[in-house]
Amino acid sequence: MKPPSTRVSISARWRSSAFIVLVFGGLLLFSLLIDNARRQQVPRATAAADTTPTAVQSGEMFPDVQPAAITRIVVADKIGGRTVTLTRVPGDWQAVDNAGKAAPVDLPNVTRMIQILATLRYNRVLEETSVAAYGLAGDGKVSIDFDAGTTTYHLRIGDSTPEGSLAYIQRGSDPAIYLVSNATLGLLVSALAVPTPTP
């Protein structure tokens, strides 16, 4: 039998994990609802033209980035207003929110985020000028900035595709729209989850 403190710690971790899944599910549902509403407003012919990819392609979003070179990650919810900044310090990572308050760091999750950013792959590319139709107007719904070496990279996440398995994203000043796995992006935006207070 595990000591009571271990049971409380495991229970707190499960609650925190469940909350992260709930937050991402809410963001995904919100994205699907917005996407569906927009598609109903766009004439059928225009919508069909907008979603035609230039070619079926795949590749890495940031081919020159190595996980060990990433020293800072900023994840910002452009709808809810929450921002979390993760900064590498010797032997660890620190996190602060947009109010400057210290935030808890899930080290295994940060390790996964670093690996995902360095190896993030897209499934298709759209050459479009109407970014608003894909939830990418302004800075998208969620933005991610990260420093690797002396370079800062920028990623904007917009709506999900109608079936929900992919999301529309853009990188830096590149006008192309990329389709990336929603499950992968969910791990990146999980840094925005508000931790469940322990009783």
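Remember, predicted model here, so these are calculated numbers, not experimental data. (Residues numbered from 1 in each chain as written. Predicted model: local features only at pLDDT ≥ 70, side-chain atom pairs only at ≥ 80, totals over all residues. Heavy atoms only, no water.)

**Observations concerning helix α3 (residues 107–119)**
Here is step 1 of the chain: With 13 residues, α3 should reach 18 Å at 1.5 Å per residue; the first-to-last C-alpha distance of 19 Å fits that figure.
Here is step 2 of the chain: Where α3 is concerned, the buried positions are Asn109, Val110, Met113, Ile114, Ile116, Leu117 and Ala118.
Here is step 3 of the chain: In this structure, the buried side of α3 is in contact with β1 (59–60), β2 (70–77), β3 (83–89), β4 (92–97), β8 (142–148) and α4 (182–189). (Helix = DSSP H or I, 4+ residues; strand = E, 2+ residues; numbered from the N terminus. Expected span 1.5 Å × (residues − 1). Buried < 20%, exposed > 50% of the residue type's maximum accessible area, 1.4 Å probe, protein only. Contact = heavy atoms within 4.5 Å.)

**A word on the nonpolar core**
Here is step 1 of the chain: Counting residues in each nonpolar core, the largest one holds 37 residues, and the members touching the most others are Ile70, Ile73, Leu86, Phe146 and Ile169.
Here is step 2 of the chain: The greatest single-element share of this core, amounting to six residues, is contributed by α3.
Here is step 3 of the chain: In this structure Ile169 touches Met61, Leu120, Leu136, Leu155, Arg156, Ile157, Ala176, Ile177, Tyr178, Val180 and Leu185, once residues within four positions along its chain are discounted.
Here is step 4 of the chain: Counting seven residues, the second largest nonpolar core, distinct from the first, contains Tyr134, Leu136, Leu166 and Leu179. (Core = buried A, V, L, I, M, F, W, Y, C linked by side-chain atoms within 4.5 Å.)

**Observations regarding the side chain of Thr85**
Here is step 1 of the chain: For Thr85, the location among the structural elements is in strand β3.
Here is step 2 of the chain: Residues contacting Thr85, with those up to four places away along its chain left out, are Arg72, Ile73, Val74, Gln94, Ala95 and Val96.

**Thoughts on the packing of aromatic side chains**
Here is step 1 of the chain: Within this structure, the stated rule accounts for five aromatic pairs.
Here is step 2 of the chain: An angle of 70° between the planes, with centres 5.4 Å apart, marks the rings of Phe62 and Tyr153 as edge-to-face. With Phe62 in the loop between β1 and β2 and Tyr153 in strand β9 (residues 151–160), this pair connects stretches of sequence that are 91 residues apart. Accessibility classification places Phe62 together with Tyr153 in one group, the buried group.
Here is step 3 of the chain: Measuring from ring centre to ring centre gives 4.6 Å for Tyr134 and Tyr168, while their planes differ by 65°; the resulting arrangement is edge-to-face. Here Tyr134 is found in the loop between β7 (124–126) and β8, whereas its partner Tyr168 is found in strand β10 (residues 166–171), with 34 residues between them in sequence. As far as burial versus exposure is concerned, Tyr134 and Tyr168 are alike and both buried.
Here is step 4 of the chain: Clustering of aromatic rings is evident, with ring pairs tying together Phe62, Phe146 and Tyr153. (Phe/Tyr/Trp six-rings, centres within 6.5 Å; stacked < 30°, edge-to-face > 60°.)

**Some remarks on α4**
Here is step 1 of the chain: Buried residues of α4: Asn182, Leu185, Gly186, Leu188 and Val189, and no others. Relative to the axis of α4, the buried residues are bounded by an arc of 160° and lie together on one face. (Arc of directions from axis to C-beta.)

**A closer look at the confidence of the model for the chain**
Here is step 1 of the chain: Chain-level statistics for the chain give a pLDDT mean of 79 and a share of 68% at 70 or above.
Here is step 2 of the chain: Note that pLDDT drops below 50 for residues 40–56; the model gives that stretch 18 contacts with residues more than four away or on any other chain. (pLDDT = per-residue confidence, 0-100.)

**Quick word on the pairing of β10**
Here is step 1 of the chain: The element β10 is extensively covered by neighbouring structure, given that five of its six residues are classed as buried.
Here is step 2 of the chain: Relative to β10, β9 runs antiparallel, the two being bridged by four bridges. Counted as the bridge partner of Leu155 is Arg171 from β10.
Here is step 3 of the chain: Connecting the antiparallel pair β9 and β10 is a turn made up of five residues, with Gly164 showing a positive phi of about 90°.
Here is step 4 of the chain: Note: β10 against strand β11 (residues 177–181), four bridges, orientation antiparallel. By the bridge assignment for β11, Leu166 is matched with Ser181.
Here is step 5 of the chain: The antiparallel hairpin formed by β10 and β11 contains five residues in its connecting segment, where Gly172 sits at a positive phi of about 50°. (Pairing = 2+ DSSP bridges.)

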